[in-house]
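Summary of structural features
Letter by letter, the chains look like this.
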Amino acid sequence: MAPQMKLIAGCYEQIVFGYRVQTGEEKWTSEADFTHHAHTASLSAVAVNDRYIATGSKDETIQLYDIKKRVEHGSLLHHDGTISCLEFYGRTHLLSGGEDGLICVWNTKKWECLKSIRAHKGHVTSLSVHPSGKIALSVGTDKTLRTWNLIDGRSAFIKNIKQNAHIVMWSPAGERYVVVVNEKMDIYNLETATVTGTISNKKRISSIRFITNTIVVVAGDEETVRLYDTDSLKCLCEFKAHENRVKAIYSITVGETLVLVTASSDGYIKMWKLDLEKIQDTPALLGEVNTSARLTCLGVWQASPVESSQQVEAEAACSQAEEDANKLVRTKKVEFVEGNTSTKKRKAEETKKKKKQKSE
């Protein structure tokens, strides 16, 4: 029996849609499952884990929906500005970023704000949590790429990238990450924190998704979707996915089938079957649904965790990447950031100075 699957999409019309997917050998069908009208402005972000849907909006709130009980679960009201990005880390935490420059870390058990980090001087445009859960990356309108130690909620590194990036994302194994500025995508190596290559798309990039540790799917302000190899920097495949620009993409593995889901301004959500052994071939269209709405964000819910081929492939590399992440967390305590000593070292110097003043 195929795992239960639902397409989740947000739109300008303030609604989040849920569609139940019926899988078949060749064609998949979708039928309306729920609509949730919790916001008073357009939706800007959606995140899904196996229990909850979290939606962010220009109304400055995060709304929670319990997909198993099919009820509203409440609101998170810490941000003062549009919610620009949301990401679950497993079942335990939700991270949110907003135009107020904050990144908030939420506990999903009691929905408490565990940490509120003043992340950027401008807006937080995107964030991504490392597979280890120990560090996160964020980009903002202050033209910086920042690495965060999630153990203590402090900055580990700050990199001036001289432009306003709008997307950052880790690879599944966490040994590399990509930073998107307009139509360009820089690939970084975790261990060296240097750019190993740059991919240029034809139009401004709107959404990206890793489907393996090296292959990334890219959607832009156009009808075409492209698959790039982040090692060779070559375009492996491109195909026309919609009649209008593609706003969001998502990937998921159902059984042994790797599925790419695309959402467009034309109102359609489409499901495509990817064959990694024939990656140059145009993906087969499995099914589609017309929401009749102007879609802005996309997620996919599965009833139970499914071990995907890319997760299996990621295990070996992830252990090394986690060690690199641990090094990043440890070295933060002795690092200089933009010419300033670390918090720990500064506090030690202040304590030493106070003792000296008392002795005098």
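Check the entry above for the structure.
Quick notes on the rules
- By convention here, each chain's residues receive numbers from 1 onward along its written sequence.
- A pLDDT threshold of at least 70 governs which residues receive local features in this predicted model, and a stricter bar of 80 or more applies before side-chain atom pairs are shown or counted, although totals over entire chains, interfaces and linings include all residues.
- Water and hydrogen atoms play no part in the side-chain values, which are based on all heavy atoms of the structure.
- Elements are defined by DSSP. Helices are runs of H or I of four residues or more, strands are runs of E of two residues or more, and each kind is numbered from the N terminus.
- Each residue is placed in one exposure class: buried if its accessible area under a 1.4 Å probe, protein chains only, is under 20% of its type's maximum, exposed if it is over 50%, and partly exposed if it falls in between.
- Should any heavy atoms of two residues lie within 4.5 Å, those residues are counted as being in contact.
- Per-residue and other accessible areas follow the Shrake-Rupley method at a 1.4 Å probe size, with only the shown protein chains counted as cover for residues.
- By the criterion applied in these results, polar contacts are pairs of N or O atoms within 3.5 Å in which, for protein atoms, one can donate a hydrogen and the other can accept it, and in which residues neighboring in sequence qualify only through two side-chain atoms.
- The salt bridge criterion pairs a side-chain nitrogen of Lys or Arg with a carboxyl oxygen of Asp or Glu, the two atoms within 4 Å.
- Disulfides are defined in this document as cysteine sulfur pairs within 2.5 Å.
- Between any two strands, pairing holds if DSSP finds at least two bridges.
- Buried residues of nine kinds, namely Ala, Val, Leu, Ile, Met, Phe, Trp, Tyr and Cys, make up a nonpolar core once their side-chain atoms join them within 4.5 Å.

So, on to the overall build of the chain. A tally of helices and strands in the chain yields two helices and 28 strands. Per-residue burial for the chain yields a buried fraction of 54% across its 360 residues. Long-range pairs, those at least 24 residues apart, make up 44% of the contacts in the chain between residues at least 6 apart in sequence. Of the roughly 16,900 Å² that the chain leaves accessible, carbon and sulfur atoms contribute 45%.

With that settled, the discussion passes to the side chain of histidine 242. On the secondary structure map, histidine 242 appears in the loop between β23 (235–240) and β24 (246–254). For histidine 242, a relative accessible area of 1% corresponds to the buried category. Within polar-contact distance, the side chain of histidine 242 engages the side chain of aspartate 266 at 3.4 Å. Among all residues touching histidine 242, those that are not within four sequence positions of it are Glu223, Thr262, Ala263, Ser264, Asp266, Tyr268 and Lys270.

A side chain with one charge can pair with a side chain of the opposite charge if their charged atoms come near. In the structure shown here, the tally under the stated rule is 14 salt bridges. A salt bridge links arginine 294 to glutamate 13, with the nearest nitrogen and oxygen atoms 3.2 Å apart. One end of the pair, arginine 294, is in the loop between β27 (284–290) and β28 (295–302); the other, glutamate 13, is in the loop between β1 (5–11) and β2 (16–22), with 281 residues separating them in the sequence. Note that arginine 70 is salt-bridged to aspartate 33, the shortest N-O span being 2.9 Å. On the criterion of sequence distance, the pair formed by arginine 70 in the loop between β6 (62–66) and β7 (71–76) and aspartate 33 in strand β3 (residues 29–36) is long-range, its members being 37 residues apart. Using a relative accessible area of 41% as the deciding quantity, one classes arginine 70 as partly exposed. It is possible to trace a salt-bridge network through shared partners that takes in Lys6, Arg20, Glu31, Asp33 and Arg70.

In this structure, tryptophan 111 is a non-glycine residue whose phi angle is positive, near 55 degrees. Here tryptophan 111 shows up in the loop between β10 (102–107) and β11 (113–118). Despite not being glycine, alanine 193 shows a phi value in the positive range, around 55 degrees. Along the chain, the position of alanine 193 falls in the loop between β18 (184–189) and β19 (194–200).

Linking two cysteines covalently via their sulfur atoms produces the bond known as a disulfide. Here the structure, examined in full by the defined rule, presents zero disulfides. Cysteine 297 takes part in no disulfide bond, and the closest cysteine sulfur, belonging to cysteine 11, lies 8.2 Å away. When its relative accessible area of 6% is taken as the criterion, cysteine 297 is described as buried.

Most of β2 sits out of view: five of its seven residues are buried. Inspection of the sheet shows β1 paired to β2 by six bridges, in the antiparallel sense. Across the sheet, residue methionine 5 finds its bridge partner in β2, namely valine 21. Here β1 folds back onto β2, and the loop between the two strands holds four residues, one of which, glutamine 14, carries a positive phi near 75 degrees. Linkage of β2 to β3, two consecutive antiparallel strands, is achieved through a turn of six residues.

One finds Met5, Leu7, Val261, Ile269 and Met271 to be the most contacted residues of the largest nonpolar core, which totals 24 residues. Of all the secondary structure elements, the ones that give two or more residues to this core are β1, β2, β24, β25 (257–264), β26 (268–274), β27 and β28. With near-sequence residues (within four places) excluded, valine 261 lies in contact with Leu7, Ala248, Ile249, Tyr250, Ile269, Lys270, Met271, Leu298 and Val300. In terms of nonpolar packing, the next biggest core, distinct from the first, is built from 17 residues, Ile211, Val225, Leu260 and Leu274 among them.

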